[in-house]
Amino acid sequence: MTEVGPTTAASAALWERDAEVDSVLAAVRALRADSASSGSLLVVRGEAGFGKTALLAETRRIAERLGCTVWSARGGETLRSVPFNVVRQLLQPALVSLMPQEIREYLGDWYDIAGPALGLTEPGERQADPQNVTDGLVAAVRRLARRDWPLVLLIDDAHWADQETLRWLAAFTKRLDDLSVLVVMARRPGEVSGESARLLDVIAASAGAPATTLSALTPQATAGLTRATLGDHADAPFCREVWAVTDGNPYETVELLAKVRDSGLQPSEGAAGELRALNRAARGGGLVARLEELGIDATRFAWAAAILGTDISVDLVAKLATLDRAEAGHCAELLRSARILTTSDPANTQSDDGDLEFVHPLIATAVYDSIPPALCTAMHGIAAQVVTDSGRGAAAAARHLLQVHPDDDEELVEQLREAARDHLAVGAPDAARRCLERALLEPPSPEVHARVLYELGCATLLTAPARTIDHLQTALAMPGLDGAERVDAVFRLSQALLHNDQLEEAVRTVETEAARQVPGPARMRLQAVQYMWEGIHAGETASPGRSQRLAELARTCAGRDNSERALLILRGFDAMTHGENAEEIVELSDRALVNGLLAPGLGWTDTEWGVELPMMLASSYAYTDRLDRAESLFTQALRAYESSGWSGGHLALAHAYVGLGHRRRGRLREAEASLRESLRIAERVGRGLPLYWSATCNLVDTLLARGHVDEAWSIAEQYGFAPPYPSTIVLPDPRSVRGRLLLAVGRTKDGVNELEAAEKAAAARGHYNPVLVPWAVDLARALAVEDPSRAARLATDARRHAERFGTDTAIGEALRCAAALETGQRAVRLAGQAVAYLEASPCQYEHAASRVEYGILSRSVTELNRGLALARSCGADGLADRASAALEAVRGPR
């Protein structure tokens with residue numbers, strides 16, 4: 001605004017902000033136009049004091065005047081380590097107005113997941129999955145937003161928001177297309193780095209428009225503001241000097257003009273020389289000096305308020321500053337009068353305890369920075385005790401404990417361990433990590449040091465596997481971890497090595513520890529883990545004699561405990577990959593169950609063994625034509641992860657395997673939907689992980705089966721489905737699937753090379769299951785013209801392996817391949833045999849393909865019609881088109 005503008009200090013920072021206010025007004029009006037309209041995000045950037053807070057306050061006034069509901073929150077410089085701090089500020093005022101039952105109804109299935117993060121309910125016993133907590137918070141806001149439309153969310157000082165809030169906001173702003181909410185976020189440029197900076201960039205990218213950048217006031221605007229505050233008699237030289245000493249910073253200009261007014265200084269050229277001294281008194285060291293003028297009690301009160309940072313109440317500050325209630329109340333009034341503290345806006349207060357806040361973040365920072373370092377540290381220690389005594393728990397006190405100097409305090413170590421457990425329970429592993437890393441600096445006593453390292457390793461397992469490896473290796477080298485705890489630590493270490501793509505070292509780690517153990521359950525568990533990691537290793541060579549040793553060990557197992565059941569599962573999976581007799585594989589798998597169900601401790605969400613074992617068991621059923629059992633297990637996994645709140649990698653893997661079940665069954669449309677959902681979730685977890693490959697490989701395979709070749713190629717290009725392949729096994733074999741893809745797009749030479757690479761890798765690993773690693777049938781078809789003798793040998797070998805394996809699907813597919821290489825009645829006879837086997841198979845796509853091929857060879861309208869109907873029911877569009885064309889050719893002109 002120019003000479004005609006606001007006339008009060010409260011709105012002074014809006015001078016020259018016409019365009020910004022107009023943008024806000026337009027966004028609010030667009031929000032109110034239609035409850036079904038898309039939401040939007042406005043990002044405001046500006047240096048400290050440039051009027052971001054004032055613009056958000058104006059946004060609130062506009063929104064409320066136009067009938068909107070407004071929720072607001074603010075990040076705090078000293079509160080960045082407090083998980084979910086800012087999102088709690090946003091939601092708690094809205095939630096506390098509801099009855100407990102109403103909150104449950106609004107949050108629905110997300111209540112037990114998002115509730116602990118919001119402080120509404122106690123967390124469960126399990127460690128919460130951070131991704132699912134984020135999803136729960138997104139769902140919570142979306143449901144409440146529909147109730148409170150039109151809704152405006154204001155987030156000030158987002159550069160100081162905690163990472164957990166920023167993750168939620170990044171996820172939420174990506175989904176504004178189908179939710180009518182206006183989000184306005186203000187932040188300083190720069191200020192933060194690392195993950196917080198990345199998340200802020202992700203959020204800004206969701207805006208779809210460049211951020212609004214606030215600039216300093218011009219000399220003309222400063223003159224208008226000066227005269228509006230001090231009177232029209234303020235002369236031009238005085239106004240220019242106000243601009244010069246404040247650099248046009250709106251906040252500093254307002255504070256300086258308040259000092260001029262309070263001092264009685266005349267706004268004339270003769271008094272302009274005193275402005276610099278007044279400006280120094282209004283900021284930085286001058287502010288501190290002004291604070292000291294109010295007396296030692298008021299100074300201590302302000303320091304204590306700065307230490308607390310949030311929920312600043314007179315009673316709590318009094319305890320921290322060691323003042324009685326009357327003295328504290330007097331100090332609060334002095335600080336209000338001095339424009340250092342102000343009464344909190346009830347709409348921005350997280351709890352009933354907080355009734356004060358600093359007038360501006362710059363003041364809070366200046367007061368905090370003025371506390372002598374040694375005293376600041378001591379006050380944080382006292383604050384931790386005050387917060388704990390107030391009943392807020394170890395997690396609330398943790399941010400203060402993080403600031404205390406190490407001093408061999410065993411009690412502090414235990415407090416930090418308790419806080420870490422609380423953080424993990426609400427889905428804040430980064431906060432848990434900070435607590436445990438600080439506990440190590442104390443340091444812990446020798447008898448608990450290894451346990452702290454072990455807990456730290458567990459906390460960082462999914463977020464920082466390389467760091468986890470260091471922690472757990474150090475813990476295992478120290479005394480203090482014994483018995484089951486040590487075995488579990490070795491297992492966690494091997495998991496971290498696996499996630500860090502160090503699978504061979506993971507195998508050596510458990511192998512070495514197993515050798516140290518006496519015969520018994522602990523040793524058997526480690527042996528099972530060793531075989532498990534070896535079983536999913538996709539390297540060029542297998543451990544010599546591994547399968548034989550595993551078979552001998554499993555032969556003694558009757559499924560009496562989970563170690564024995566694990567070995568039975570591993571033996572069954574190993575036999576399945578090698579293409580041994582399917583009936584024996586099923587018998588091994590069945591022995592690993594208890595009354596047909598996964599045993600307690602081996603379930604999908606049990607952490608003692610991990611997800612790999614039940615996935616191996618279900619895969620053994622899937623590739624031995626026991627699809628009912630496989631699909632039941634895959635569906636159980638999906639339900640378990642959804643109900644338990646595991647929405648990261650585990651959920652992505654569950655969707656991938658549900659998709660695999662659909663693909664094996666021949667429900668190609670359903671398979672594609674599940675696999676796309678898996679890939680969507682996997683994208684959030686990170687590319688390159690085995691679960692990412694599972695989703696991509698199966699989606700490409702499904703699209704090829706549907707006949708959507710161009711789309712399959714696009715997916716492969718978009719998601720990097722190409723060498724180098726991961727070190728862990730992927731089902732089905734990615735080399736075989738990529739080879740088929742290359743053949744489908746006409747890159748025959750490249751496809752043959754890829755299938756030959758699959759042949760070599762399969763031979764090295766002894767993987768002769770022709771359904772799991774189907775390179776042979778595709779390579780035989782590709783070489784039928786160029787090298788028919790080799791193609792015939794490949795088809796013969798495929799049939800031999802299929803008959804050894806013994807499933808209808810394997811034999812039927814081998815016969816389809818043999819028929820494709822023959823001509824005349826021999827081809828028709830083989831194709832008919834393939835139909836007979838695949839009709840008995842549960843794999844309907846392969847059955848449909850065999851019907852169509854038999855119909856083409858036999859020129860049978862009946863067979864082609866049956867194949868066409870099956871192809872359409874499967875969603876195999878390409879196969880259906882082929883059947884339709886063949887029918888036209890057989891019927892001839894009409």
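Residues numbered from 1 in each chain as written. Predicted model: local features only at pLDDT ≥ 70, side-chain atom pairs only at ≥ 80, totals over all residues. Heavy atoms only, no water.

(A) The arrangement of the overall build of the chain in detail. The helix and strand inventory of the chain stands at 45 helices and seven strands. Overall, the chain is about 115 × 75 × 50 Å in size when its C-alpha atoms are taken along their principal axes. Burial analysis of the chain (894 residues in total) assigns 56% to the buried set. Of the roughly 36,000 Å² of accessible surface on the chain, a fraction of 50% belongs to carbon and sulfur atoms. On the chain, the mean spot of the 94 positive side-chain charges and the mean spot of the 120 negative ones are 6 Å from each other. (Helix = DSSP H or I, 4+ residues; strand = E, 2+ residues; numbered from the N terminus. Buried < 20%, exposed > 50% of the residue type's maximum accessible area, 1.4 Å probe, protein only. Areas by Shrake-Rupley, 256 points an atom, 1.4 Å probe, with all protein chains shown as cover. Lys, Arg positive; Asp, Glu negative; His and termini not counted. Charge placed at Lys NZ, Arg CZ, Asp CG, Glu CD.)

(B) Broad picture of the pattern of salt bridges. Throughout the structure, instances matching the rule amount to 56 salt bridges. Taking the shortest distance from any N to any O, the salt bridge between Arg665 and Asp628 comes out at 2.7 Å. Of the two residues, Arg665 sits in helix 33 (residues 649–665) while Asp628 sits in helix 32 (residues 627–644), which places them 37 residues apart along the sequence. We classify Asp628 as exposed; its relative accessible area is 59%. For Glu853, the salt bridge is made with Arg882, and the minimal N-O distance between the two is 3.9 Å. (Salt bridge = Lys/Arg side-chain N within 4 Å of Asp/Glu carboxyl O.)

(C) Main features of unusual backbone geometry. Here the amide bond leading from Trp149 into Pro150 is cis, since omega sits at -5°, within 30 degrees of zero. Of note, Pro150 is situated in the loop between helix 7 (130–147) and strand 3 (151–156). Residue Pro443 follows Glu442 across a cis peptide bond; omega there is -10°. Assignment of secondary structure puts Pro443 in the loop between helix 22 (429–441) and helix 23 (446–459). Notably, Phe84 is not glycine yet its phi reads approximately 65°, a positive angle. For Phe84, the position within the fold is in the loop between strand 2 (69–74) and helix 4 (85–96).

(D) Spatial organisation of a negative patch on the surface. On the surface, a cluster of negative charge is made up of Asp407, Asp408, Asp409, Glu410, Glu411 and Glu447. Topologically, Glu410 is positioned in helix 21 (residues 410–425). (Patch = residues over 30% accessible without salt bridge, like charges linked within 9 Å, V, L, I, M, F, W, Y side chains within 5 Å.)

(E) Representation of the packing of aromatic side chains. All told, the structure shown has six aromatic pairs when counted by the stated rule. Ring geometry for Phe491 and Trp533: centres 6.3 Å apart, planes at 5°, overall stacked. Of this pair, Phe491 sits in helix 25 (residues 483–499) while Trp533 sits in helix 27 (residues 521–536), and the two are 42 residues apart along the sequence. Comparing Phe491 with Trp533, the two get one shared label, buried. Ring geometry for Trp693 versus Phe721: centroids 5.9 Å apart, planes at 55°, classification tilted. Of this pair, Trp693 sits in helix 35 (residues 690–706) while Phe721 sits in the loop between helix 36 (709–718) and helix 37 (734–744); the two residues are 28 residues apart in sequence, bridging distant segments of the chain. (Phe/Tyr/Trp six-rings, centres within 6.5 Å; stacked < 30°, edge-to-face > 60°.)

(F) Up close: the sheet that holds strand 2. As summarised here, the arrangement of the five strands in space is 2-3-4-1-5, forming an open sheet in which the pairing is parallel. A single partner strand is all that each edge strand has here, and the edge strands are strand 2 and strand 5 (212–213). Across the face of the sheet, helix 3 (residues 52–65) comes into contact with strand 1 (40–45), strand 2, strand 3 and strand 4 (181–187) while running at roughly 170° to strand 3. (Pairing = 2+ DSSP bridges. Contact = heavy atoms within 4.5 Å. Axes fitted to C-alpha atoms, helices over the stretch in contact; angles between N-to-C directions.)

(G) Quick look at the packing of helix 39 (residues 775–782) against helix 41 (residues 808–821). In contact at an axis separation of 10 Å, helix 39 and helix 41 are set at 5° when each is read in the N-to-C sense. Here helix 39 is positioned roughly parallel relative to helix 41, judged by the angle of their axes. Judged by residue contacts, Val777, Ala780 and Arg781 of helix 39 engage Glu813, Arg816, Cys817, Ala820 and Leu821 from helix 41. (Parallel < 35°, antiparallel > 145°, perpendicular 65-115°, else oblique.)

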